[in-house]
Amino acid sequence: MLLFSIINACGGIHNVLRILAPDTRILVEIKDTSLLSSQAKKQNYNKALKQLTYDKAMIKDNEQLASELLEVGKKIAEQQKLSIASCTSPVECEYRPSWHISPPQGLLNDPNGFIYHQGQYHLFYQWYPYDCVHKDKYWVHLTSKDLIQWDWQSVPLTPSDWFDSHGVFSGHALSQNDQLMVFYTGNVRIGEQRDRQTMQCVASSTDGIHFTKQGPVITELPPGVTPHCRDPKVFRHDDHWLMLLGAQREDEVGRLAVYRSEDLKSWDFVGLSGDELGDFGYMWECPDFFTLNNQDFIVIGPQGIKSSSKYHTVPHHNGIVKAQLDAQDKFTLSEFQHLDVGFDFYAPQSLQTPDGRRVMTAWMGLPDEINQPSIDSGDGWVHQLTTFRELYFEQGKLLQRPLSELKALRREQIIVPKDTHCFDLQSKSFELNVLLTWGSRIRLHESSTGYCEIRLEEQSRTLYLDRSNTLMREGDTLRELALPNSASIHLQIFSDTSSLEIFINDGEAVMSSRVFTDKTATKMSFTGDVEIQNSWLF
Ligand code: FRU
């Protein structure tokens, strides 16, 4: 094994941070130069990058090179898994949710590989273990029998290989008989300019627990597309497979890249879809695809689209479009609408349950909003996943309702004494059902120092979600939702320590939001015509 002799000359696998294989070169990034052998010291060395350069031609056989690179990647992964072991115990923190998925420490972002496979649900998420920053991402793997109780399995994918050295980025899963396959984007940075390379990669498991990387299946970019091309969603269509990727055209317009395959290994580029939406942001991320009531839908995260509200100032949006697929595998997209009109909902993924429901979760956070109170505690953690919602398409309308299994969380009924307008729930973990009329308002997570407010402005028939009186340090503080046709408004609110998720009028709209308040903020108060219906502490 020629590569292993190089690794030994570089001070052994413990001294290797990563291995890269751009163009004709092999680059070995090391930790400590004093461990280099005298032979390695003679090698071309980039001090700034701590990288030694070798020539790929030294291994003549391409297959041998590929398998040696995979072997080295496995060894690096073993090292990475050992060193993150100390990051897997949850840091105690007053903002830690009691039933939502949050990272033990470090930064969580997108949900990945959400699927039902061989009798259980699998869910992965993007994780940077060492700090609350966006850096080389890992995948955490969780499993569940009921979508409520999630068990930590492992960290199956680490940024260990030449094709994903700077992040095992987002992607989806496929259940293929006894195989659980995950498709993801390998993110690589080359040189001092940190030039980005993206490749679409596969890993698979036969026991649903241990994953083996198969390497990249798409190494080239589609023509006219920048290296911002990622987040594969793979699904069966007629007699072949399709892959959707979020992509950025070279003129900085977001689009959907479509590939097709007969065998999930060899992929042909079909084209870019989405021109009918015009100039619709500078990048689209994290596509999903599913059918509801015979209508195909595609989910996208368009960045930089115009916002319809002056209070929505962040570039990141989430949304869903109707999709029409023609015989040439080209999509026509129409009728964009937001999936969530709160503050924190991005990169959603969905699965189909065995009984046919479409269930979705998302990252309850946004790319640029890391500075929040939970990063202060111990080693710090940030972000969480949203609760699960069921999607329906009924009478031409998209409806989103809380997962019915959430009822299992109900512990104790909330009884609000008659004529009370302020009530201490002594908890921030509850489900509240409430009917409000225009002109009323309700405050949640209230203490002497702050609260989060939902108010219904009569004149404009607009619902406002206002988190300006909370401990949020970054991000927008006001969201508005016009509800011109509702005489009264029903809210089903799920609260969990540092979040509120508000389902409006039996699924007409949802607002998801992180809300940081102090420990004592367990009160709720209301003014105007507010009827508290069946509600529960969790
Ligand atoms: C969305 C995203 C994805 C990417 C991942 C990296 O939040 O930027 O496009 O794959 O996060 O963590």
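Calculation notes
Here the residue index of a chain counts from 1 through its sequence in written order. The predicted origin of the model limits local features to residues at a pLDDT of at least 70 and limits the giving and counting of side-chain atom pairs to 80 or more, whereas totals for whole chains, interfaces and linings rest on all residues. Side-chain metrics rest on all non-hydrogen atoms present in the structure, leaving aside hydrogens and water. Any residue with a non-hydrogen atom lying within 4 Å of a molecule or strand is treated as near it. Here a polar contact is recorded for every N or O atom pair within 3.5 Å, except that within protein the pair must consist of a potential hydrogen donor and a potential acceptor, and residues adjacent in sequence are included only if both atoms are side-chain atoms. A 1.4 Å probe and the Shrake-Rupley method give the accessible areas. Residues count as covered only by the protein chains that appear here. Each helix is a run of DSSP H or I of at least 4 residues and each strand a run of E of at least 2, with the numbering of both proceeding from the N terminus. Two strands are counted as paired when DSSP detects at least two bridges linking them. By definition here, a salt bridge exists when the distance from a side-chain nitrogen of Lys or Arg to a carboxyl oxygen of Asp or Glu is within 4 Å. Burial classification: accessible surface area is computed with a 1.4 Å probe over protein chains only, and a residue below 20% of its type maximum counts as buried, one above 50% as exposed, and the rest as partly exposed. As used here, the term nonpolar core means buried Ala, Val, Leu, Ile, Met, Phe, Trp, Tyr and Cys residues forming a set that is joined through side-chain atoms within 4.5 Å. Residue ranges labeled as domains rest on an automatic or database domain assignment. A contact between two residues is defined here by any heavy atoms of the two lying within 4.5 Å. Each axis is a line fitted through C-alpha atoms, and for a helix only the stretch in contact is used; angles between axes span 0 to 180 degrees, taken between their N-to-C directions. Any angle that is under 35 degrees is reported as roughly parallel, and any over 145 degrees as roughly antiparallel; angles of 65 to 115 degrees are reported as roughly perpendicular and all others as oblique. All residues other than Ala, Val, Leu, Ile, Met, Phe, Trp, Tyr, Cys, Pro, Asp, Glu, Lys and Arg, Gly among them, are scored as polar; the first ten of these are nonpolar and the last four charged. Pairs were defined over the aromatic rings of Phe, Tyr and Trp, the Trp ring being its six-membered one, requiring ring centres within 6.5 Å. Orientation was assigned from the angle between planes: stacked under 30 degrees, edge-to-face over 60, tilted for the rest. Look at NZ for Lys and CZ for Arg. If either is within 6 Å of the ring centre and within 35 degrees of the ring normal, a charge sits over the ring.

Caption draft 1: Representation of the site of the ligand. Residues in contact with the ligand, as listed here, are Asn109, Asp110, Gln126, Lys137, Phe169, Ser170, Arg230, Asp231, Glu285, Cys286, Tyr346 and Trp363. Within the side chain of Asn109, an N or O atom sits 2.9 Å from an oxygen atom of the ligand. At a separation of 3.0 Å, an oxygen atom of the ligand approaches a polar side-chain atom of Lys137. Here the ligand loses 91% of its free accessible area of 320 Å² to cover by the protein chains. Those elements that provide at least two residues to the shell around the ligand are strand E5 (106-117), strand E13 (225-237) and strand E17 (283-292).

Caption draft 2: Fine view of the pairing of strand E25 (residues 389-394). Sheet topology note: the strand E22 (residues 358-364)/E25 ladder contains three bridges and is antiparallel. Across the sheet, residue Arg358 finds its bridge partner in E25, namely Leu391. The pairing of E25 with strand E26 (residues 397-402) spans six bridges and is classified as antiparallel. Counted as the bridge partner of Arg389 is Pro402 from E26. With antiparallel pairing between neighbouring strands as the criterion, E25 and E26 make up a hairpin whose turn holds two residues, including Gln395 at a positive phi of roughly 45 degrees.

Caption draft 3: Up close: the pattern of salt bridges. Scanning the entire structure with this criterion turns up 30 salt bridges. The closest approach of N and O atoms between Asp251 and Arg249, which form a salt bridge, is 2.8 Å. Residue Asp251 is classed as partly exposed on the basis of its relative accessible area of 48%. Given the relative accessible area of 21%, Arg249 is considered partly exposed.

Caption draft 4: Here's a closer look at the nonpolar core. Cys10, Ile19 and Val28 are the most contacted members of the largest nonpolar core, which totals 40 residues. No other element matches strand E10 (residues 179-190), which puts five residues into this core. The two domains that each donate at least three residues to this core are domain 1 (3-82) and domain 2 (107-218). Sequence-distant contacts of Cys10, defined by excluding residues within four places in its chain, comprise Asn15, Val16, Val28, Ile30, Leu35, Leu36, Leu52 and Tyr54. Counting 34 residues, the second largest nonpolar core, distinct from the first, contains Trp99, Tyr138, Ile148 and Val155.

Caption draft 5: View of the domain arrangement of the protein chain. Examined at the domain level, the protein chain breaks down into domain 1 (3-82), domain 2 (107-218) and domain 3 (405-537). When each unit is reduced to the centre of its C-alpha atoms, the spacing between domain 2 and domain 3 is 35 Å.

Caption draft 6: Spatial organisation of the packing of helix H1 (residues 2-9) against helix H3 (residues 62-84). Closest axis-to-axis distance for the H1/H3 pair is 8 Å, and the angle between their directions is 40 degrees. Classified by the interaxial angle, the pair formed by H1 and H3 is oblique. Contacts from Leu2, Leu3, Phe4 and Ile7 of H1 reach H3 at Glu68, Leu69, Glu71, Val72 and Lys75. A per-class count over the contact of H1 with H3 returns six nonpolar, no polar and three charged.

Caption draft 7: Region of the structure containing the sheet that holds strand E23 (residues 381-382). Strand order across the open sheet formed by five strands is E8-E7-E6-E5-E23, with mixed pairing between neighbours. Edge strands, defined here as strands with exactly one partner in the open sheet, are strand E8 (150-157) and E23. Here strand E7 (residues 138-144) pairs with E8 via five bridges, running antiparallel. If you follow His141 over to E8, its bridge partner there is Ser154. Lying over the sheet, H3 contacts strand E6 (120-128), E7 and E8, oriented at roughly 140 degrees with respect to E8.

Caption draft 8: Broad picture of the environment of Asn46. Within the element layout of this structure, Asn46 appears in strand E3 (residues 45-46). With 145 residues separating them along the chain, Asn46 and Gly191 place their C-alpha atoms 9.4 Å apart. Not counting chain neighbours up to four residues away, the residues in contact with Asn46 comprise Gln51 and Glu192.

Caption draft 9: Structural detail: the packing of aromatic side chains. Inspection of the entire model under this criterion finds 24 aromatic pairs. Of the aromatic side chains, those joined through ring pairs into one cluster are Trp99, Phe494, Phe503 and Phe538. One Lys or Arg, Arg236, reaches over the ring of Trp241 and ends 4.8 Å from the middle of that ring. The positively charged end of Arg467 is found above the aromatic ring belonging to Phe343, 3.8 Å away from the centroid.

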